[in-house]
Amino acid sequence: MAQVARIAPSILSADFACLGDAVDTVAPEADLLHVDVMDGHFVPNLTIGPPVVRSLRKHTDLYLDCHLMMTNPGKYLEAFRSAGANGCSVHVELGETETLIAEMRHLGLDAGLAVNPDTPFEAFAEHLDKIDLVLLMTVFPGFGGQTFMAEVMPKVRRTREEIDRRDLPVAIQVDGGIDEDTAPIASEAGATVFVAGSAIFGQDDPVEAARRIRAAADRAGWEPSTTAG
Ligand code: DX5
Ligand code: ZN
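Residues numbered from 1 in each chain as written. Chains lettered and ligands numbered in written order. Predicted model: local features only at pLDDT ≥ 70, side-chain atom pairs only at ≥ 80, totals over all residues. Heavy atoms only, no water.

Caption draft 1: The arrangement of the site of ligand 1 in detail. Near ligand 1 there are 20 residues, and of these Asp36, Gly142, Asp175, Gly197 and Ser198 occur at the shortest range. A distance of 2.8 Å separates an oxygen atom of ligand 1 from a polar atom in the side chain of Ser10. Note that an oxygen atom of ligand 1 is positioned 2.7 Å from one of the side-chain N or O atoms of Asp175. Relative to its free-state accessible area of 380 Å², ligand 1 is covered by the protein chains to the extent of 99%. Counting only elements with at least two residues in the shell around ligand 1, the list comes to β2 (32-38), β3 (63-69) and β8 (193-196). (Near = heavy atom within 4 Å. Polar contact = N/O pair within 3.5 Å; in protein donor to acceptor, adjacent residues only side chain to side chain. Areas by Shrake-Rupley, 256 points an atom, 1.4 Å probe, with all protein chains shown as cover. Helix = DSSP H or I, 4+ residues; strand = E, 2+ residues; numbered from the N terminus.)

Have a look at this one:
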């Protein structure tokens, strides 16, 4: 049976002046809420940090999935945890991955590893047995509204094969340019968690847009092999 797609609306494309309303709007179709944290250094853009996570935590019970596009995430993990984050993803390109994963575990955060489009499978494969989520970027991080990079799909597929071969409880999340047309491509390659910003919050009916992305991903759903193992 195909896996069921999980949808993670990215609040980066929401109106920050009405964030609570935006979250309430998508909540019926949101499995996680994706929070893009950018430090103006690791990526050339600045967004939000723990104070906004704290406000979101007071407002919603949704799982808060914080994507830390930061040069020094270790310095802030505790602040994100105490603000109410459920999981954080740190970029593997930073190095110090083992230390950062250990710190997330120590704090009781779900541990995610984010991977840029041009970072190879070999750069994160050794960590797959220590994390909950691998976030395979389908754009270069920094901005919403970019075009999906289909050339990342072989890496998604290879990651799916490795996770299945080793029977690891790791979710594969894709992020960047995900919409009703591209979610099936990533789903077929093995992704199960779909981040979408502009394709949800940029639409007249965000909840219907999320529903359609989920349905499109489910239709294309990658089928676990019955002979794996
Ligand atoms: C990009 C962020 C994404 C972004 C996706 O650096 O990590 O989460 O919000 O936006 P869309 O879905 O518009 O490509
Ligand atoms: Zn993101």
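Caption draft 2: Region of interest: the state of the cysteines. Overall, the coordinates contain zero disulfides when judged by the stated rule. Between Cys66, a free cysteine, and Cys88, which holds the nearest cysteine sulfur, the sulfur-to-sulfur gap is 4.8 Å. You can call Cys88 buried: its relative accessible area is 2%. (Disulfide = S-S within 2.5 Å. Buried < 20%, exposed > 50% of the residue type's maximum accessible area, 1.4 Å probe, protein only.)

Caption draft 3: Representation of the pairing of strand β4 (residues 87-91) within the structure. By the criterion of burial, β4 is predominantly enclosed, with five of the five residues buried. Covered by surrounding structure in β4 are Gly87, Ser89 and His91 together with Cys88 and Val90, the residues of both alternating faces. Relative to β4, β3 runs parallel, the two being bridged by four bridges. Bridging from a neighbouring strand, Leu68 pairs with Val90 of β4. You can see the chain leave β3, run along helix α3 (residues 77-83) and come back into β4, and the turn it takes is right-handed. Pairing analysis gives five bridges linking β4 to strand β5 (residues 110-115), with the strands arranged parallel. Each residue of the ladder has a partner; that of Val90, found in β5, is Leu113. Between β4 and its parallel partner β5, the chain crosses via helix α4 (residues 97-107), and the hand of that crossover is right-handed. (Pairing = 2+ DSSP bridges. Right-handed = clockwise from strand over helix to strand, strands pointing away.)

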